[in-house]
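This is what each chain is made of:
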Amino acid sequence: MGGRTVDMSDEKLLEIKNLSQHFKTGRKSLVRAVDGLNFDIYKGETFGLVGESGCGKSTTGRSIIRLYEATSGEVLFKGENVQGKKSKAELKKFNRQMQMIFQDPYSSLNPRMKVIDIIAEGIDIHGLAKDKEERRQRVYELLETVGLSREHAERYPHEFSGGQRQRIGIARALAVKPEFIIADEPISALDVSIQAQVVNLMKKLQREEDLTYLFIAHDLSMVKYISDRIGVMYFGRLVELASSEELYRNPLHPYTKSLLSAIPQPDPVHERTRRRLAYKPEDHDQSEEPEFREVTKDHYVLCTSKEFEEMHQQAPV
Amino acid sequence: MSNETILEVKNLSVSFKTPNGEVQAVRDVSFSVGKGETLAIVGESGSGKSVTTKALMGLLPAPKGYIKNGNILYGDEDFAKLSDKQMTKYRGKDFAMIFQDPMTSLNPTMKVGTQVMEGLRMHRGMNKEEAKKEAVRLLELVRIPDAKARMDQYPHQFSGGMRQRVVIAIALACDPKVLIADEPTTALDVTIQAQILDIMKDIQEEFETSIIFITHDLGVVANVADRVAVMYAGKIVEIGSVDELFYNPKHPYTWGLLGSMPTVDQREEELFAIPGTPPDLLHPPKGDAFAPRNRYALKIDYEEQPPMFQVSETHYAATWLLHENSPDVQPPASVQQRIEEMDGKWEAGQ
């Protein structure tokens, strides 16, 4: 279902410019978790960010929402830089527009708080409810929006299953009526049948609330299903970016090819014949620093000028 | 793969005593595993798949968890009747286990080599020199580069994939007849997962090990399994060859599992999700436990537990839909379509 263009506009909601996030791991060693990232997210789309553990996809999400202070680079939200020094009021305004859903529905909910207070925390901080009654009504509404019921409001997180907890996390994110939600592996910890429920819910909410998503995941089939465009990360850098349809049909970077070829498909005969492609970073021409280039329309690949020429010539017209 | 049965589980029921009463985690489960065969057990959390294998290994947390009924037949023994002490003869030797998180099954304070040598010295009575040599061979077998040097390192110096290889090497140390792998690749990246699956398949081919592979990932099942058992609410609801399960599924729960994964060419707006959540096994429902979540449920599903209906010599499913008097119900269109798009050709009655 990638490549949906119905409610996707050309308006850039988020522009990530040369974003880097380096961590010091010792006196002399530096981990370049995210290294010079550039991409845009359009209003109303779902942007999927995939890659293997340690590639920097979660760090990217966390840097965008300022859970980490970026080492360098800019994140423009509706044209305004959200990185750097900000006043409290500015931060508050920004926090209302951008929310996050976490991977682990167990550690991301405070076990000592009732569901109503977990969900209403943002409402309280931003003063979105006039009185206690309005606050409660709003939480009831949110619970029903995410497929839970109002009776759940007075309970504690441990009384819920993983899927239900993830719904609570989604309700909490929605409480402040954000425009943009970063979902960091929101379904990885859930059972298959529950994953489908949560993905269906996220898609429904996107239509109804006009949301834009950054969907971070390592499960490539689900990412393809939910995303309009996908960026593939490898060692802190984007190696390929294209519409999800295009990326799966016509992967160009050897790492993307190897990643796609490694996914087992629920199809035994296919599995008996599937050939895995190995990625060898040393096969690239080391004499030239690769750049992010547009090989065909809206399809970007990290490549050297020579690789670019080759891909460009082979590209279907 | 031969037809020789190495392990047979008959009418196994496992329960847990809790302050609220008896939780019936596994309810009347029967299956067998052939020599050199991989049986995959699929199901969601709480379906009883892990508890079943823990019962096989004699690893139920006593006295809370206990085998209520049934037999686990291996050779001349019935594991269900053996004491914990008697089980030590088999556990880790004839039966070895690999867990999801390799870090929790390795000792962080012990050198990797020592941990591999432990089983060799205990079960196979090797002296230190022999064990050392054999351990290096095992680490090479699971394709750990520079195995000799890695012997002296600690688990934290290994990556997740490398750790899982160590765990496999330890499991192989005593030349097990049955290897139980509980979500061994779930915590790993896809490229690493592929390597581990390859290693396991090579080992199986070489040693004719039987593997019981627990997973919730149907892609992995299609890759590794010869036969598949689908578990729901403590019961096996469908069992058959891997081709039968994927190309000719009969149970609505199996349809739901297949439908809730998007295909590469998924076009529909919505995934075919199974509504609701699994039942509470403290009070298993009367009739078919899946009925409340089953859009094809018949009236009888709420009254009586369906028996296993035979579909073929190797394929069985516990759904009333297979009864001769039941209406003709086909899998949902999205599931039919996805089967049609698969590479495998399947014709009814095959």
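Keep in mind that this is a model prediction, so the values were computed, not measured.

The subject of this paragraph is the overall build of chain A. Within chain A, the regular secondary structure consists of 11 helices and 12 strands. The C-alpha radius of gyration computed for chain A amounts to 21 Å, which stays within 12% of the reference 20 Å derived for 317 residues, consistent with globular compactness. The proportion of buried residues among the 317 residues of chain A is 55%. Summed over all atoms, the accessible surface of chain A reaches about 14,700 Å², with 48% contributed by carbon and sulfur. With 47 positive and 49 negative side-chain charges, chain A shows a spacing of 5 Å between the two charge centroids.

In this section: the nonpolar core. In terms of nonpolar packing, the biggest core is built from 59 residues, with A:Ile119 and A:Ile170 touching the most fellow members. Here the element with the most residues in this core is helix α6 (residues 192-209) of chain A; it accounts for seven residues. Those residues in contact with A:Ile119 that lie beyond four places of it in its chain are A:Val139, A:Leu142, A:Leu143, A:Ile168, A:Ala171, A:Arg172 and A:Ala175. B:Ala131, B:Ala147, B:Leu172 and B:Phe213 belong to the second largest nonpolar core, which has 39 residues in total.

As a further point, take the pattern of salt bridges. Think of it this way: side chains of opposite charge can pair up when their charged atoms draw near. Taken as a whole, this structure holds 32 salt bridges over all chains when the rule is applied. Where A:Glu45 meets A:Arg229, a salt bridge forms, and the shortest distance between an N and an O atom there is 2.8 Å. Here A:Arg229 lies in strand β9 (residues 229-234) and A:Glu45 lies in the loop between β2 (30-42) and β3 (46-50), a separation of 184 residues in the sequence. A salt bridge links B:Lys68 to B:Glu22, with the shortest nitrogen-to-oxygen separation between them at 3.1 Å. Here B:Lys68, found in strand β4 (residues 65-74), pairs with B:Glu22, found in strand β2 (residues 21-34); they are 46 residues apart in sequence, far enough to count as distant.

What follows is about the sheet that holds strand β1 (residues 12-24) of chain A. Residues and elements named next belong to chain A. Strand order in the open sheet made by the four strands is β2-β1-β4-β5, with antiparallel pairing throughout. Edge strands, defined here as strands with exactly one partner in the open sheet, are β2 and β5 (80-81). Its contacts with the sheet put helix α1 (residues 57-64) on β1, β2 and β4 (72-77), and the angle it makes with β1 is roughly 115°.

What follows deals with α6(A). For α6(A), which comprises 18 residues, the first-to-last C-alpha distance of 26 Å matches the rise-based estimate of 26 Å (1.5 Å per residue) to within 8%. Trailing α6(A) by a residue or two, A:Asp210 shows a phi angle of about 60°, which is positive.

Moving on, we come to the interface of chain B and chain A. With 42 residues of chain B at the contact, the number on the chain A side is 35 residues. Surface buried jointly by chain B and chain A totals about 3,400 Å² across both partners, of which 52% is contributed by carbon and sulfur atoms. The shortest N-O distance in the salt bridge between A:Arg276 and B:Asp198 comes to 2.6 Å. Linking chain B with chain A are 12 residue pairs in polar contact (both at pLDDT 80 or more). Listed by contribution, the elements that provide at least two residues to the side of chain B that touches chain A are α8 (190-207), α9 (218-224) and α10 (242-247) of chain B. Here the element with the most residues in the side of chain B that touches chain A is α8(B); it accounts for seven residues. Per-class residue counts for the side of chain B that touches chain A are 18 nonpolar, 12 polar and 12 charged.

This next bit is on the packing of aromatic side chains. All chains considered together, the criterion is met by 18 aromatic pairs over all chains. Between A:Tyr234 and A:Tyr279, the aromatic rings sit 5.2 Å apart at their centres with planes inclined by 85°, giving edge-to-face as the arrangement. Placement of A:Tyr234 in strand β9 and of A:Tyr279 in the loop between α10 (268-273) and β11 (291-296) is noted, with a sequence separation of 45 residues between them. A relative accessible area of 17% means that A:Tyr279 is categorised as buried. Ring centres 5.0 Å apart and planes at 75° place the aromatic pair B:Tyr232 and B:Phe290 in the edge-to-face group. Separated by 58 residues along the polypeptide, B:Tyr232 in strand β9 (residues 227-232) and B:Phe290 in the loop between α11 (252-259) and β11 (309-310) bring together distant segments of the chain.

For chain B, per-residue confidence averages 91 on the pLDDT scale, and 96% of positions sit at 70 or higher. Per the prediction output, this complex has pTM 0.88; the corresponding ipTM is 0.84.

Glancing now at the sheet that holds strand β8 (residues 210-215) of chain B. Residues and elements named next belong to chain B. Across the sheet, eight strands lie side by side as β6-β7-β8-β3-β9-β10-β12-β11; this open sheet has mixed pairing. Looking at the sheet topology across the chains shown, the edges are occupied by β6 (95-98) and β11. Note: strand β10 (residues 235-241) against strand β12 (residues 316-317), two bridges, orientation antiparallel. By the bridge assignment for β12, Ile239 is matched with Tyr316. Packing against the sheet, helix α1 (residues 49-57) makes contact with β3 (38-42), β6, β7 (178-182), β8 and β9, and its axis sits at approximately 150° to β8. Contacting β6 and β7, helix α7 (residues 160-172) crosses the sheet at an angle of about 175° to β6.

So, on to the pairing of β3(A). Each regular strand carries side chains that alternate between the two faces of the sheet. Residue and element names in this part refer to chain A. Counting buried positions over the five residues of β3 gives five, a clear majority of the element. Alternating positions in β3 separate into two faces, Thr46, Gly48 and Val50 on one and Phe47 and Leu49 on the other, with burial throughout. Bridge analysis of β3 against strand β8 (residues 212-217) gives five bridges, and the strand direction is parallel. Bridging across to β8, Val50 finds its partner in Ala217. The sheet contact formed by β3 and β9 spans four bridges and is parallel. From the neighbouring strand, Leu49 faces β9, where its bridge partner is Gly231.

Trans peptide bonds make up most of the peptide bonds, and negative phi angles are found at most residues other than glycine. Residues and elements named next belong to chain B. Omega for the bond connecting Ala62 with Pro63 falls within 30 degrees of zero, at 0°, which places this linkage in the cis form. If you trace the backbone, Pro63 turns up in the loop between α1 and β4. Here the phi dihedral of Asp28 falls at roughly 60°; this positive angle occurs in a residue that is not glycine. Within the secondary structure, Asp28 is located in strand β2. Here Asp28 falls in the partly exposed class, since its relative accessible area comes to 42%. One non-glycine residue, Asp175, lies in the positive phi region at around 55°. Structurally, the position occupied by Asp175 is in the loop between α7 and β7. Classification of Asp175 by relative accessible area gives partly exposed; the value is 39%.

Further remarks concern the state of the cysteines. Tallied over the entire structure, the rule returns zero disulfides over all chains. With no disulfide of its own, A:Cys303 has A:Cys55 as its nearest cysteine by sulfur position, at a separation of 19 Å.

Here the focus is helix α9 (residues 254-261) of chain A. In terms of burial, α9(A) is a largely internal element, six of the eight residues being buried. Residues of α9(A) that are buried: A:Tyr255, A:Thr256, A:Ser258, A:Leu259, A:Leu260 and A:Ser261. On its buried side, α9(A) packs onto α7 (220-226), β9, β10 (237-243) and α8 (244-249) of chain A together with α8 of chain B.

All right, on to the packing of helix α3 (residues 115-125) of chain A against helix α5 (residues 162-174) of chain A then. Residue and element names in this part refer to chain A. Contact pair α3 / α5: the axes reach a minimum separation of 7 Å and the direction vectors enclose 30°. Put simply, α3 runs roughly parallel to α5. Residues Val115, Ile118 and Ile119 of α3 lie in contact with α5, whose contacting residues are Ile168, Ala171 and Arg172.

Rules and cut-offs
Residues numbered from 1 in each chain as written. Chains lettered and ligands numbered in written order. Predicted model: local features only at pLDDT ≥ 70, side-chain atom pairs only at ≥ 80, totals over all residues. Heavy atoms only, no water. Helix = DSSP H or I, 4+ residues; strand = E, 2+ residues; numbered from the N terminus. Rg over C-alpha atoms; globule rule 2.2 N^0.38 Å. Buried < 20%, exposed > 50% of the residue type's maximum accessible area, 1.4 Å probe, protein only. Areas by Shrake-Rupley, 256 points an atom, 1.4 Å probe, with all protein chains shown as cover. Lys, Arg positive; Asp, Glu negative; His and termini not counted. Charge placed at Lys NZ, Arg CZ, Asp CG, Glu CD. Core = buried A, V, L, I, M, F, W, Y, C linked by side-chain atoms within 4.5 Å. Contact = heavy atoms within 4.5 Å. Salt bridge = Lys/Arg side-chain N within 4 Å of Asp/Glu carboxyl O. Pairing = 2+ DSSP bridges. Axes fitted to C-alpha atoms, helices over the stretch in contact; angles between N-to-C directions. Expected span 1.5 Å × (residues − 1). Buried area = accessible area lost by both parts, 1.4 Å probe. Polar contact = N/O pair within 3.5 Å; in protein donor to acceptor, adjacent residues only side chain to side chain. Nonpolar A, V, L, I, M, F, W, Y, C, P; charged D, E, K, R; others polar. Phe/Tyr/Trp six-rings, centres within 6.5 Å; stacked < 30°, edge-to-face > 60°. pLDDT = per-residue confidence, 0-100. Disulfide = S-S within 2.5 Å. Parallel < 35°, antiparallel > 145°, perpendicular 65-115°, else oblique.

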